[in-house]
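If you want the building blocks of each chain, they are given just below.
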Amino acid sequence: LANDVYKHNFPSTPLWAKTIEGITLKEFDKLSFDMILMSPPCQPFTRIGLQGDVSDPRTKSFLYILDILPRLQKLPKYLLLENVKGFESSSARNELLQTLATCGFKYQEFLLSPTCLGIPNSRLRYFLIAKLHQEPFSFQAPGQILTRFPDKDPEDLLKEKVTDKVGETSSSLSSEEKNLDPSIGPDCSSKKSLPKGAFLFKLETVEEMERKHNQDNDSSIQMLKDFLEEENKDMSQYFLPPKSLLRYAFLLDIVKPTCRRSTCFTKGYGHYIEGTGSVLQTAVDVQLESVFKHIDELPEDEKLMKLSTLKLRYFTPREIANLHGFPLEFGFPEKVTVKQCYRLLGNSLNVRVVAKLISILLE
Ligand SMILES: C[S@@+](CC[C@H](N)C(=O)[O-])C[C@H]1O[C@@H](n2cnc3c(N)ncnc32)[C@H](O)[C@@H]1O
């Protein structure tokens with residue numbers, strides 16, 4: 001399906017419907033390519049997954065590339081790899097670094113999110129860029145993983161914003177993303193009288209509320225409304241059904257068009273609710289707090305009536321594509337269902353983050 005979408009958008013680009021292992025060394029040599037861009041299966045490295053790492057069969061295609069690379073007649077000049085956070089501590093990553101060193105590549109690793117570019121979406125990912133036989137990158141920080149894009153003045157970056165343990169320094173990651181690292185607690189020391197971790201309403205703690213509030217007031221990040229479709233479009237299919245509202249209301253990350261944040265959209269979005277991405281409150285004048293306070297004490301029909309006043313809907317595939325940085329010309333073939341669009345977008349990279357990394361690579 002991903003190939004069909006690719007073909008639809010790039011009809012004149014040759015596309016081989018093959019697995020990587022199905023391409024022989026000879027065929028690779030014939031292609032004589034300059035760049036490898038790869039986003040190999042991430043399940044072996046996710047923190048929720050079983051962390052099979054190099055022994056997971058899904059890592060095979062990646063290991064095949066590592067095996068082929070030193071044996072190519074002509075090495076590519078550039079390489080970019082994307083993966084989930086967690087890849088940086090895998091043996092697959094160590095094998096990659098070893099292969100790059102053997103072949104004479106200079107490399108730099110990053111942990112970046114679209115928030116680094118002022119986009120109101122958290123999608124923290126590991127990236128590695130590498131180039132062949134050249135001077136090191138001007139900003140290169142050996143052994144360290146950068147958590148933001150290098151500045152024009154490389155000195156600035158090295159002075160304060162470099163870390164080898166993500167989350168320990170200030171960076172342009174959103175506070176939510178810094179908090180993903182279990183080694184650091186929420187950075188807002190609460191002076192409120194409520195005990196730390198106490199729920200306010202909707203199972204939200206003081207710390208979470210404060211974090212969201214800070215994100216929404218960070219004017220270096222755009223508002224979600226810049227990424228939304230026109231209001232006059234028929235959105236009826238995107239509104240949350242009553243069953244989901246009743247069952248999952250407390251677990252939803254609810255954002256308004258004026259918010260400057262959204263959580264990572266995964267491939268279960270629109271289908272599974274918990275942790276798959278934010279939902280949009282379209283009744284902007286309704287106070288979340290007034291809806292959720294004491295809602296548990298109400299009978300089901302009244303609960304539903306209250307929750308319905310928020311007019312919650314899913315982000316449309318086009319809106320997620322906008323947040324991912326896809327240009328307006330990008331589209332899905334007609335036969336692709338909404339559910340399939342969400343699945344594909346959940347696998348996607350942020351186009352603007354990758355574009356910026358490629359431009360750094362080619363500088
Ligand atoms: C994490 S997803 C990355 C998807 C990509 N970022 C995108 O937006 O389409 C990993 C992709 O690797 C593909 N894949 C898995 N094993 C493969 C193999 N042996 N050869 C080629 N592709 C493979 C999967 O089909 C999946 O699309």
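Procedures and definitions
- Residues numbered from 1 in each chain as written.
- Predicted model: local features only at pLDDT ≥ 70, side-chain atom pairs only at ≥ 80, totals over all residues.
- Heavy atoms only, no water.
- Buried < 20%, exposed > 50% of the residue type's maximum accessible area, 1.4 Å probe, protein only.
- Helix = DSSP H or I, 4+ residues; strand = E, 2+ residues; numbered from the N terminus.
- Arc of directions from axis to C-beta.
- Contact = heavy atoms within 4.5 Å.
- 1 Å grid on protein atoms, 1.4 Å probe; cavity = no way out; pocket = protein on both sides within 12 Å on 5 of 7 lines; lining within 4 Å.
- Points joined across faces, edges and corners; volume = space filled by probe spheres on them.
- Nonpolar A, V, L, I, M, F, W, Y, C, P; charged D, E, K, R; others polar.
- Core = buried A, V, L, I, M, F, W, Y, C linked by side-chain atoms within 4.5 Å.
- Pairing = 2+ DSSP bridges.
- Near = heavy atom within 4 Å.
- Polar contact = N/O pair within 3.5 Å; in protein donor to acceptor, adjacent residues only side chain to side chain.
- Areas by Shrake-Rupley, 256 points an atom, 1.4 Å probe, with all protein chains shown as cover.
- Salt bridge = Lys/Arg side-chain N within 4 Å of Asp/Glu carboxyl O.
- Phe/Tyr/Trp six-rings, centres within 6.5 Å; stacked < 30°, edge-to-face > 60°.
- Lys NZ or Arg CZ within 6 Å of the ring centre and 35° of its normal.
- Axes fitted to C-alpha atoms, helices over the stretch in contact; angles between N-to-C directions.
- Parallel < 35°, antiparallel > 145°, perpendicular 65-115°, else oblique.
- Left-handed = near helix turned anticlockwise from the far one by under 90°.

A.B. asks: Lay out helix α12 (residues 338–346) in plain terms, naming residues and giving numbers.
C.D. replies: Among the residues making up α12, those that are buried are C341, Y342, L345 and G346. Around the axis of α12, the buried residues are gathered within 130° of arc, so they sit on the same side. If you follow the buried residues of α12, they end up packed against β9 (312–314) and α11 (317–323).

A.B. asks: Tell me about the layout of surface pockets, and please be specific about residues and values.
C.D. replies: Looking at the second largest pocket, its volume works out to about 360 Å³. At the level of secondary structure, the elements contributing two or more residues to the lining of the second largest pocket comprise α7 (206–216), β7 (254–255) and α9 (288–292). The element best represented in the lining of the second largest pocket is α7, accounting for four residues. Taken together, the residues of the lining of the second largest pocket break down into seven nonpolar, three polar and seven charged.

A.B. asks: Let's hear about the nonpolar core: which residues, and what values?
C.D. replies: Counting 36 residues, the largest nonpolar core has I254, Y269, V279, F292, L312 and F315 as its most contacted members. Listing elements by their share of this core, those giving two or more residues are β7, β8 (279–281), α9, β9, α11 and α12. Every residue in contact with V279, bar those within four places of it in the chain, is listed here: L240, L252, D253, I254, V255, Y269, L312, R313, Y314 and F315. Of all hydrophobic cores here, the second largest spans 29 residues; its members include Y64, L96, L97 and L132.

A.B. asks: So what's going on with the sheet that holds β7? Which residues, and what values?
C.D. replies: Strand order in the open sheet made by the three strands is β7-β8-β9, with mixed pairing throughout. Either end of the sheet is taken by a strand with one partner, and the two such strands are β7 and β9.

A.B. asks: Before we move on, could you go through the site of the ligand and cite the residues and values that matter?
C.D. replies: If you check the shell around the ligand, you find T19, I20, E21, S39, P40, P41, S61, N347, S348 and L349 and nothing else. Within the side chain of E21, one N or O atom sits 2.7 Å away from a nitrogen atom of the ligand. At 3.1 Å, a backbone N or O of N347 approaches a nitrogen atom of the ligand. Notes on the ligand: free accessible area 580 Å², of which the protein chains cover 58%. A breakdown of the residues in the shell around the ligand according to their chemical character gives four nonpolar, five polar and one charged.

A.B. asks: Which residues make up empty space enclosed by the protein, and what values go with them?
C.D. replies: Considering all chains together, one arrives at one cavity of 30 Å³ or more under this definition. The calculated volume of the largest cavity comes to roughly 40 Å³. Along its surface, the largest cavity is lined by E82, L112, S113, P114, R123, R125, F127, L349, N350 and V353. Its residues assigned to classes, the lining of the largest cavity shows five nonpolar, two polar and three charged.

A.B. asks: Give me the lowdown on the pattern of salt bridges, citing residues and values where you can.
C.D. replies: All chains considered together, the criterion is met by 15 salt bridges. Between D253 and K212 there is a salt bridge, with the nearest N and O atoms lying 3.1 Å from each other. A residue pair is termed long-range when its members are at least 10 positions apart, and D253 in the loop between α8 (242–248) and β7 and K212 in helix α7 qualify at 41 residues. As far as burial versus exposure is concerned, D253 and K212 are alike and both buried. A salt bridge links D216 to R261; the shortest N-O distance between them is 3.1 Å. Of this pair, D216 sits in helix α7 while R261 is found in the loop between β7 and β8, placing the two residues 45 residues apart along the sequence. One salt-bridge network, in which partners are shared between bridges, spans K212, D216, D253 and R261.

A.B. asks: Report on the packing of aromatic side chains, specifying residues and quantitative values.
C.D. replies: All chains considered together, the criterion is met by 13 aromatic pairs. Grouped by ring-pair contacts, the aromatic residues F265, Y269, Y314, F315 and Y342 constitute a single cluster. Residue placement shows K18 over the ring face of W16; its charged tip is 5.5 Å from the ring centre. Here the basic side chain of K356 rests over the ring of F149, its NZ or CZ set 5.3 Å away from the ring centre.

A.B. asks: Summarise unusual backbone geometry; cite the residues concerned and give the values.
C.D. replies: Not every positive phi belongs to a glycine, and H294 is a case in point at roughly 60°. Among the structural elements, H294 can be located in the loop between α9 and α10 (300–308). For H294, a relative accessible area of 53% puts it in the exposed group.

A.B. asks: Account for the packing of helix α3 (residues 60–68) against helix α4 (residues 91–103), naming residues and giving values.
C.D. replies: The geometry of α3 relative to α4 is characterised by a closest axis approach of 10 Å and an angle of 15° between their N-to-C directions. Between α3 and α4, the crossing angle belongs to the class labelled roughly parallel. Judged by the sense of rotation from one axis to the other, the crossing of α3 with α4 is left-handed. Two secondary-structure elements touch here, α3 through F62, L63 and L66 and α4 through A92, E95, L96 and T99.

A.B. asks: Can you tell me about the pairing of strand β4 (residues 125–132), naming the residues and giving the values?
C.D. replies: With respect to burial, β4 is a largely interior element, eight of its eight residues being buried. The alternating pattern of β4 places R125, F127, I129 and K131 on one face and Y126, L128, A130 and L132 on the opposite face, and all of these are buried. Of the pairings in the sheet, the one linking strand β2 (residues 78–84) to β4 comprises seven bridges and is antiparallel in character. Paired with Y78 across the bridge in β4 is K131. Taken together, the eight bridges between strand β3 (residues 105–112) and β4 define a ladder with antiparallel strand orientation.

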